[in-house]
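Observations on the model geometry
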Amino acid sequence: MRLGIDLGTTRTLVAAALDGRYALASFDDQGEFKDHLPGIVARDPASGELCHGWAAARALAAGAPDSLRSLKRAISGLGPDDLVPGLGASALELYTGFLRQLRADLFERSTLELPADDGPLEAMIAVPANASSRQRYLTLEAFHRAGFRVLGMVNEPTAAAIEFAHNHLGGLGKRSPKRYVVVYDLGGGTFDTSAVSLDGRSFELIASEGIGRLGGDDFDDALLDAALAEAGLTRASLAPGALAAAQELARAAKEGLRPTTRRVLVDLGAALPGAPAVTLATADVYARCAPLIERSITLTEQLFARLAERGIDPEDGRQLGGLYLVGGAVAFPPVAQALRARFGRKLQLAPQPHAATAVGLAVAADPAAGLLVREAVTRHFGVWREGDAGRDKVFDAILGKDTLGGAAGPITVRRVYHPEHTIGHLRFLECGGLGAGGQPARDLTPWAEIRFPYDPALLGRDLGGLPVERSSALAGEEIAETYTYQPGGMVAVEIANLTRGYARTYQLGQLT
Ligand SMILES: Nc1ncnc2c1ncn2[C@@H]1O[C@H](COP(=O)(O)OP(=O)(O)OP(=O)(O)O)[C@@H](O)[C@H]1O
Ligand SMILES: [Mg+2]
């Protein structure tokens, strides 16, 4: 049985491909069936062991001091071996532990009738479109270690677009004209908006924008802060473990809000012993959330503008299938309202907004569906260089996002220049966007740092301990940097002193 697994910040859902049908798994949690596993990890105060999913949700609600909600958000900025504060385990260990629990739950207490043998489970998985290469690596590695065979990893909005096409375009095989859909995915932890082209059975993610830390968790915090202020409390005054429990309480209150709700009662005492129950005006909570919602809408508008630049008319209903709303947080009343005010008739709400990604992944995992998925790079990659005298570091964007790799072979980018320093100290990084003056913006992740001897006198020396000095004597030398981006995403650079005839090649990493 092939699975689609949407490893979410708040909810992890699993869909299975069963003879052309795509069914969501439910999990038996002490006699109650749940359609997801919560993204929670806690240290059980009794046993001292880490627990995950529903067991962790109970430990957290009971005030376990070492507990973490939104594991995916907590690890999103970390490297695999970085310790997650408070839990004494690395990001990779925690993610692997969570996925081992998922695997055990699938075999032992899910509605999927998996064969008793406990070999690797075959799954299609996804990451937010704006995820860094490091987060992609960590996710893939954790799935491997937890006993899954990963059939492929795509961007979450691409999976949602596949679900859209499956539901709305009446079968994927028809020869219909090429169409586009823009996905707006507001989950628990992340926001992504992406344009995907649908051409028969072939899907191509062509452009995306996103914010690594924007989602329902931030609305929970807004509601909690309003409630704490009303009760005369501050976050700083909460006991360890109490914050996570209070955030879960805020989430439950938030999920109960309807467009007509004017006031909401938050019984803080249920998470914070001795704290009062308070009543909040929803208008105050929504006002705290408005700037966040606005940021997501601004990015979506930027994406539409980029579609127009490519000659795609977002106002033409035959070209654009709509703005497809997925992710649980699109049900939050001020989000739905702001989207309706801005995009009106373009909106298409997914039938099950929080399940679209998992179902799309199951379709993609199904060989019978015969899909072809191609995705553009979703992040910028570039290098910080020394500026001219007195100037700050200068950012040089080597590979822009939306670059489509593919079967055509490697993409090559070359820079030729005359050095002004003795050593080339190059610091590589990736980021989600470029701000004013082409500076890297949003969700920066550092890559390798390398040092290359521009000055032939330094050949063979350990450059790490040497200062980078300005030198006009080298102005006659010619340096060439040649970057190659392989179809699989590997980026390498060869740096050569063309004048003197020496060169070095560095493997920099994988850009996906
Ligand atoms: N009825 C509702 N009203 C408001 N918010 C809701 C509602 N239902 C779910 N949510 C919120 O949606 C978010 C979860 O959405 P979803 O399951 O799509 O996210 P996820 O996949 O876990 O996270 P991500 O995609 O960011 O990793 C949570 O913040 C949850 O509180
Ligand atoms: Mg999601």
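It should be emphasised that the depicted structure is a prediction, and the values quoted were computed from it without experimental measurement.

Below, the discussion takes up the overall build of the protein. Looking only at helices and strands, the protein has 10 helices and 31 strands in total. Principal-axis analysis of the C-alpha atoms places the extent of the protein at approximately 75 × 60 × 50 Å. Expressed as a percentage of the 512 residues in the protein, the buried residues total 55%. Here the protein has roughly 21400 Å² of accessible surface; of this, 50% comes from carbon and sulfur atoms. Where the 52 positive side-chain charges of the protein centre and where its 60 negative ones centre are 4 Å apart.

Take the packing of aromatic side chains next. Scanning the entire structure with this criterion turns up 13 aromatic pairs. Ring geometry for Phe 304 against Phe 343: centres 5.7 Å apart, planes inclined by 40 degrees, an arrangement best described as tilted. Of this pair, Phe 304 sits in helix H8 (residues 282-309) while Phe 343 is found in helix H9 (residues 333-343), placing the two residues 39 residues apart along the sequence. Phe 343 carries the same exposure label as Phe 304, and that label is buried. Above the plane of the ring of Trp 54 lies Lys 34, whose end atom (NZ or CZ) is 3.8 Å from the centre.

Bringing helix H7 (residues 242-255) into the picture now. The periodicity of an α-helix, 3.6 residues per turn, causes residues three or four places apart in sequence to face the same way. For H7, built from 14 residues, the straight-helix expectation of 20 Å at 1.5 Å per residue is met to within 8% by its first-to-last C-alpha distance of 20 Å. Among the 14 residues in H7, 10 count as buried, and that is most of the element. Among all positions of H7, only Ala 242, Ala 244, Ala 245, Ala 246, Gln 247, Glu 248, Ala 250, Arg 251, Ala 253 and Lys 254 are buried. In this fold, the buried residues of H7 make contact with strand E2 (11-18), helix H1 (54-61), strand E9 (67-68), helix H6 (216-230) and strand E17 (263-267).

Counting buried residues along strand E14 (residues 179-186), 7 of its 8 residues qualify, which places the element largely inside the surrounding structure. Pairing analysis gives 8 bridges linking E14 to strand E15 (residues 191-199), with the strands arranged antiparallel. By the bridge assignment, Asp 185 is partnered in E15 with Asp 192. Between E14 and E15, which pair antiparallel in sequence order, lie 4 residues. Across 5 bridges, the pairing between E14 and strand E19 (residues 320-326) is parallel. Following the sheet pairing, Tyr 184 is matched in E19 by Leu 325.

With that out of the way, let us pick up the packing of helix H3 (residues 91-109) against helix H4 (residues 133-145). Relative orientation of the contacting elements H3 and H4 amounts to 50 degrees, with a least axis distance of 8 Å. Of the possible angle classes, the one that applies to H3 and H4 is oblique. Both H3 and H4 take part in a crossing whose hand is right-handed. On H4, the residues touching Ala 91, Leu 92, Tyr 95, Thr 96, Leu 99 and Arg 100 of H3 are Leu 138, Thr 139, Glu 141, Ala 142, Phe 143 and Arg 145.

Judged by pairing direction, the sheet is antiparallel, and its 4 strands sit side by side in the order E24-E29-E30-E31 without closing on themselves. In this open sheet, the two edge strands, each paired with only one partner strand, are strand E24 (411-417) and strand E31 (502-510). In this sheet, adjacent strand axes meet at a mean angle of 15 degrees when their direction is disregarded. Both strand E29 (residues 479-485) and strand E30 (residues 490-497) contribute to a ladder of 7 bridges, which runs antiparallel. Among the inter-strand pairings, Glu 481 is bridged to a residue of E30, identified as Ile 495.

This part is about H3. The terminal C-alpha atoms of H3 lie 26 Å apart, and with 19 residues this matches the ideal 27 Å at 1.5 Å per residue to within 8%. Listed in full, the buried residues belonging to H3 are Ala 91, Leu 92, Leu 94, Tyr 95, Thr 96, Gly 97, Phe 98, Leu 99, Leu 102, Arg 103, Asp 105 and Leu 106.

Once that is clear, we can look at the site of ligand 1. Taken together, 20 residues lie around ligand 1, and Thr 9, Thr 10, Lys 72, Glu 255 and Gly 328 are the ones closest in. In the model, an oxygen atom of ligand 1 is placed 2.6 Å from a nitrogen or oxygen of the Thr 9 side chain. A distance of 3.1 Å separates an oxygen atom of ligand 1 from a polar backbone atom of Ala 329. In the complex, the protein chains occlude 93% of the 650 Å² of accessible area that ligand 1 would expose alone. Of the residues forming the shell around ligand 1, the biggest block, 3 residues, is contributed by H7.

Turning next to the side chain of Arg 103. For Arg 103, the location among the structural elements is in helix H3. Owing to a relative accessible area of 15%, Arg 103 belongs among the buried residues under this scheme. One polar contact links the side chain of Arg 103 to the main-chain carbonyl oxygen of Gly 119, over a distance of 2.7 Å.

Applying the stated criterion to the full structure yields 33 salt bridges. Residue Asp 105 pairs with Arg 109 through a salt bridge whose shortest N-O separation is 2.9 Å. A residue pair is termed a helical-turn pair when its members lie 3 or 4 positions apart in one helix, as Asp 105 and Arg 109 do in helix H3 at 4 residues. In this structure Arg 109 comes out as partly exposed when scored by relative accessible area, which is 35%. A salt bridge links Glu 255 to Arg 251, with the shortest nitrogen-to-oxygen separation between them at 2.9 Å. A residue pair is termed a helical-turn pair when its members lie 3 or 4 positions apart in one helix, as Glu 255 and Arg 251 do in helix H7 at 4 residues.

One can find Lys 72 in helix H2 (residues 71-75). Every residue in contact with Lys 72, bar those within four places of it in the chain, is listed here: Leu 7, Gly 8, Thr 9, Tyr 95, Pro 128, Gln 135 and Glu 156.

Domain annotation for the protein reports domain 1 (2-214 + 290-375), domain 2 (216-289) and domain 3 (380-510). Centre-to-centre, using C-alpha coordinates, domain 1 lies 26 Å away from domain 2. Of the residues lining the interface, 25 residues belong to domain 1; the matching set on domain 2 comes to 21 residues. Together domain 1 and domain 2 conceal approximately 1800 Å² of surface at their shared face, both sides included; 57% is due to carbon and sulfur atoms. The largest per-residue losses of area from domain 1 upon contact with domain 2 belong to Arg 69, Phe 332 and Pro 333, which jointly make up 35% of the total buried on that side. Of the charged contacts in the structure, one is a salt bridge between Asp 217 and Arg 69, with a shortest N-O distance of 3.9 Å. Along the contact surface separating domain 1 from domain 2 lie 12 residue pairs in polar contact (both at pLDDT 80 or more). The biggest single contributor to the side of domain 1 that touches domain 2 is H8, with 4 residues. Grouping the constituent residues of the side of domain 1 that touches domain 2 by class yields 15 nonpolar, 6 polar and 4 charged.

Criteria and cut-off values
Residues numbered from 1 in each chain as written. Chains lettered and ligands numbered in written order. Predicted model: local features only at pLDDT ≥ 70, side-chain atom pairs only at ≥ 80, totals over all residues. Heavy atoms only, no water. Helix = DSSP H or I, 4+ residues; strand = E, 2+ residues; numbered from the N terminus. Buried < 20%, exposed > 50% of the residue type's maximum accessible area, 1.4 Å probe, protein only. Areas by Shrake-Rupley, 256 points an atom, 1.4 Å probe, with all protein chains shown as cover. Lys, Arg positive; Asp, Glu negative; His and termini not counted. Charge placed at Lys NZ, Arg CZ, Asp CG, Glu CD. Phe/Tyr/Trp six-rings, centres within 6.5 Å; stacked < 30°, edge-to-face > 60°. Lys NZ or Arg CZ within 6 Å of the ring centre and 35° of its normal. Expected span 1.5 Å × (residues − 1). Contact = heavy atoms within 4.5 Å. Pairing = 2+ DSSP bridges. Axes fitted to C-alpha atoms, helices over the stretch in contact; angles between N-to-C directions. Parallel < 35°, antiparallel > 145°, perpendicular 65-115°, else oblique. Left-handed = near helix turned anticlockwise from the far one by under 90°. Near = heavy atom within 4 Å. Polar contact = N/O pair within 3.5 Å; in protein donor to acceptor, adjacent residues only side chain to side chain. Salt bridge = Lys/Arg side-chain N within 4 Å of Asp/Glu carboxyl O. Domains from an automatic or database assignment. Buried area = accessible area lost by both parts, 1.4 Å probe. Nonpolar A, V, L, I, M, F, W, Y, C, P; charged D, E, K, R; others polar.

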